[in-house]
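Reading the structure
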Amino acid sequence: MRAQRHLGSVWASVHGPHDPRRLLTWALDQHFEGILFGPGPRALDPGDLRAAATDLPIDFSGARAGSFLTESTATAGLGSAKEGERLAAMRAVQQAVRAAEALGSRLVILEPGLVPVMGEIECDDLGDPAYDWTEGRTQALLARRKANRNAAVERACRGLYEILKAYPEMEFALCGGRNLRAVADLSGLRDIYDDLHHARLGYWHDAAVAARREQVLGEAFGEWLDSFGNRLRGCSLGDASPDGMYLPPGAGGVDYGLLASYLPRSGAILPAVLELDPSVAPSEMPGMIACLTKHGL
């Protein structure tokens, strides 16, 4: 397996030192080889991080466009028919591109939007531990999603085409969504990749999302990797259960052994990023590292 263990900046910004240099050395001391940048509770400056990394053996995976902690990401509008929402999504991508460039990276990770539905929504977040996702509730919202699904996928494809054209030096990786209305379910991503045959459009495997969608929707965890593994640019390693998402590895339904088997054994070294909810305590780090090491991650 050729993968580097990285740490997500969201959890690191909350629990690590505030000084950029000390934050990076702290991450190295925690047995991480890199950082994945993303918006979080405490803002980090990507330029300061890169400057602080001088002479340190640490890499930067790239930048996320929007927070993975929310059911409606900053790029939700890529699937919207409303111009204002679409432009807001484009601005979020632009900000992520600037962050990646400041870090010396060429990779931006994003979700390709949400499918608009008519009427009020009781809940659409598969990661909400307070909501009971019964089959009836799930199927009712999926039926409402179906009415606008194809149009949302088409709009997302147009938006991604514009993004690829606007930033010819950057690579982009699409990930599945924790929202039941996400454009990026298995069939949605297949349609996007079928429409956009572009070498700079890859796939980012979010293990927590894939596990939670398997638990609620029956979308097999391994099917994401079977379908899009040839486009894999990296993965996120947080766990998921009915109690929440981005839990410590081993606390949920992620099959880490299966995930490790899909990572390349030759060629490019991919980032495997531990992304955690900020509520996870630092005292759990030794157990998390032991779990990942056990599975070769």
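Counting from 1, residues in each chain are numbered in the order their sequence is written. In view of the model being predicted, local features appear only for residues whose pLDDT reaches at least 70, and side-chain atom pairs are presented and counted only at 80 or more, with totals across whole chains, interfaces and linings using the full set of residues. Side-chain numbers here rest on the full set of heavy atoms in the structure, without hydrogens or water.

**Quick word on the pattern of salt bridges**
A pair can form between side chains of opposite charge whenever their charged atoms are brought close. The criterion, for reference: Definition used for salt bridges: Asp or Glu carboxyl oxygen within 4 Å of a side-chain nitrogen of Lys or Arg. Strands are runs of DSSP state E lasting at least 2 residues, helices are runs of H or I lasting at least 4, and numbering of each runs from the N terminus. In this scheme, a residue with accessible area under 20% of its type's maximum is buried, one over 50% is exposed, and one in between is partly exposed, where area comes from a 1.4 Å probe on protein chains only.
On inspection of all chains with the given rule, the structure shows 14 salt bridges. With a shortest N-O distance of 2.9 Å, Asp55 and Arg21 are connected by a salt bridge. Taken together, the residues Asp55 in the loop between helix H3 (46-52) and strand E3 (59-64) and Arg21 in helix H2 (residues 20-29) connect sequence positions 34 residues apart. Judged by relative accessible area, Asp55 falls into the exposed class, the value being 64%. For Arg21, a relative accessible area of 33% corresponds to the partly exposed category. Its salt-bridge partner being Glu83, residue Arg86 comes within 3.1 Å of it at the nearest N-O pair. Here Arg86 pairs with Glu83, and both are found in helix H4 (residues 83-103), just three residues apart, close to one helical turn.

**Observations concerning the packing of H4 against helix H5 (residues 135-166)**
For any two helices packed against each other, the geometry is given by the interaxial angle and the distance between the axes. To keep things clear, this is the line we draw: Orientation is described by lines fitted to C-alpha atoms, with helices fitted over the stretch in contact, and by angles between N-to-C directions that extend from 0 to 180 degrees. By the definition used in this description, the sense in which the near helix is turned from the far one sets the handedness, with an anticlockwise turn below a right angle giving left-handed and a clockwise turn giving right-handed. By definition in these notes, contact holds between two residues if any of their heavy atoms fall within 4.5 Å. Put simply, Ala, Val, Leu, Ile, Met, Phe, Trp, Tyr, Cys and Pro go in the nonpolar bin, Asp, Glu, Lys and Arg in the charged bin, and everything else, Gly too, in the polar bin.
The geometry of H4 relative to H5 is characterised by a closest axis approach of 11 Å and an angle of 35 degrees between their N-to-C directions. Of the two possible hands of crossing, H4 and H5 adopt the one that is right-handed. In this structure, H4 contributes Arg86, Met90 and Val93 to the contact, and H5 contributes Gly159, Glu162 and Ile163. Grouping the constituent residues of the contact of H4 with H5 by class yields three nonpolar, one polar and two charged.

**Overview of the layout of surface pockets**
Keep this limit in mind: Computed over the protein atoms alone on a 1 Å grid, cavities are sets of points where a 1.4 Å probe fits but cannot get out and pockets are open sets with protein on both sides within 12 Å along at least five of seven lines; a residue lines them when it has an atom within 4 Å of a point. Grid points are joined across faces, edges and corners, and a volume is the space filled by probe spheres set on the points.
In this structure, the largest pocket spans a volume of roughly 300 Å³. Together, 14 residues line the largest pocket, and Phe60, Ser61, Ser105, Arg106 and Leu107 are the ones closest to its centre. Residue assignment for the lining of the largest pocket shows that the elements contributing at least two residues are strand E1 (3-8), E3 and strand E10 (270-274). For the lining of the largest pocket, the class distribution of residues is six nonpolar, five polar and three charged. Roughly 200 Å³ of internal volume is contained in the second largest pocket. Along its surface, the second largest pocket is lined by Ser72, Ala76, Gly77, Ser80, Ala81, Lys82, Glu85, Leu114, Pro116 and Arg181. Of the residues in the lining of the second largest pocket, the class split is four nonpolar, three polar and three charged.

**Notes on the nonpolar core**
Defined as follows: Joining through side-chain atoms within 4.5 Å is the link that ties buried Ala, Val, Leu, Ile, Met, Phe, Trp, Tyr and Cys residues into a set, and such a set is a nonpolar core.
In terms of nonpolar packing, the biggest core is built from 83 residues, with Phe172 and Ile192 touching the most fellow members. Tallying contributions element by element places H4 first for this core, with eight residues. Residues in contact with Ile192, not counting those within four places in the same chain, are Pro112, Val153, Cys157, Leu160, Leu174, Val183 and Leu201.

**Considering empty space enclosed by the protein**
By the definition in use, this model includes two cavities of 30 Å³ or more. Volume-wise, the largest cavity comes out at about 50 Å³. Taken together, Arg64, Ala65, Gly66, Ser67, Phe68, Thr73, Thr75, Ile109, Leu110 and Glu111 make up the lining of the largest cavity. Across the lining of the largest cavity, the residue classes tally to four nonpolar, four polar and two charged. Approximately 30 Å³ is the volume found for the second largest cavity. Taken together, the residues of the lining of the second largest cavity sort by class into three nonpolar, one polar and four charged.

**Observations concerning helix H8 (residues 221-228)**
Because each turn of an α-helix spans 3.6 residues, side chains separated by three or four positions end up pointing in the same direction. Applied cut-off: Note that the arc is computed from the directions linking the helix axis to the C-beta atoms.
Buried within H8 are the following residues: Phe221, Gly222, Trp224, Leu225 and Phe228. Taken around the axis of H8, the buried residues stretch over an arc of 155 degrees, which confines them to a single face. The secondary structure elements touched by the buried residues of H8 are helix H6 (186-195), strand E6 (201-206), helix H7 (207-217), strand E7 (232-236) and helix H9 (256-262).

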